[in-house]
Amino acid sequence: MSESSPSFFSRIFLAWIAFFRTLFDPQFAAGVVELGRTALPSSEPRLGPHHEAQRESRPLDSQGRSPQAHSGEPARAPDDGPKPPEAAPQPVVLREATPDAACQLLAVLQREGRFVDFVMESLDAADDADVGAAARVVHDGCRKAIAEHIDIESIRSEQEGETITLEQGFDASRVRVTGRVTGEAPFTGTLSHKGWRVRRVTLPSMSKDHDATVLTPAEVEL
């Protein structure tokens, strides 16, 4: 039997001596405590740097769990590397209005209701009676022109003043919400304007050489 493995009777003698030295010798007792800390096995054996590196490189199990998941240790955040650049916002495509169509409409309103004459005239010196009489003529002529060339209908079928509810996903380009707007749809409120939309436009055809910018020709009386 080697010296590192004393016999049974030798261990009894050592235990007897150690018992009394531990009881009456404080320094010897402190040595026994330190020996117990280093010699007794802990719940998890200490690993060297080489074993620590091996534990870090362990693959995931069949359920995709890391070794930390088994041991109860908090999982480390994965290294995602550099993030890809964010996609640039798509440019807004703007549509240009056709000047000829706008000039045609003004020409029709001028011809039927003298609309351009009315808005270009200064009303500073005119009294309310004259303005009212002129507005009636312009109104009748413009109403006739619009009814002839433009088909207009209301956006909402309810009567103005009714309480309506705008469900989630309503078309904000057709219904404008005013007042104290908070949160998200559905919104319940009073219909203050039914809105208008154009169903069809039928403006007169123009010849190739027609100058659409001339709303109405100048007149010379001889």
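Residues numbered from 1 in each chain as written. Predicted model: local features only at pLDDT ≥ 70, side-chain atom pairs only at ≥ 80, totals over all residues. Heavy atoms only, no water.

1. Description of the overall build of the chain
Counting its secondary structure elements, the chain contains seven helices and four strands. Element order for the chain, N to C, with α for helix and β for strand: α-α-α-α-α-α-α-β-β-β-β. Buried residues in the chain amount to 12% of all 222 residues. Restricting to contacts in the chain with at least 6 residues of sequence separation, those with at least 24 account for 59%. When the accessible surface of the chain is summed, it comes to about 19,600 Å², and 56% of that surface belongs to carbon and sulfur atoms. (Helix = DSSP H or I, 4+ residues; strand = E, 2+ residues; numbered from the N terminus. Buried < 20%, exposed > 50% of the residue type's maximum accessible area, 1.4 Å probe, protein only. Contact = heavy atoms within 4.5 Å. Areas by Shrake-Rupley, 256 points an atom, 1.4 Å probe, with all protein chains shown as cover.)

2. Section: unusual backbone geometry
Cis geometry marks the peptide bond from Ala185 to Pro186; its omega dihedral reads 10°. Structurally, Pro186 can be placed in the loop between strand 2 (163–166) and strand 3 (187–190).

3. Quick word on helix 5 (residues 99–113)
The terminal C-alpha atoms of helix 5, which comprises 15 residues, lie 21 Å apart, in line with the 21 Å expected from a rise of 1.5 Å per residue. Restricting attention to buried positions, one finds in helix 5 the residues Cys103, Gln104, Ala107, Val108, Leu109, Gln110 and Gly113. Packed against the buried residues of helix 5 are helix 6 (115–120) and helix 7 (128–149). Where helix 5 terminates, the next one or two residues include Arg114, which has phi positive at roughly 50°. (Expected span 1.5 Å × (residues − 1).)

4. With respect to helix 7
Look at helix 7: 31 Å from first C-alpha to last across 22 residues, which is about the 32 Å you get at 1.5 Å a residue. Burial in helix 7 covers these residues: Val138, Gly141, Cys142, Ala145 and His149. Mapping the buried residues of helix 7 onto a view down its axis gives an arc of 100°, with all of them on the same face. Looking at helix 7, the residues exposed on the side facing more than 90 degrees away from the buried face are Asp128, Ala129, Arg136, Arg143, Lys144 and Ala147. Among the structural elements, helix 5, helix 6, strand 1 (150–154) and strand 4 (196–201) are those in contact with the buried residues of helix 7. (Arc of directions from axis to C-beta.)

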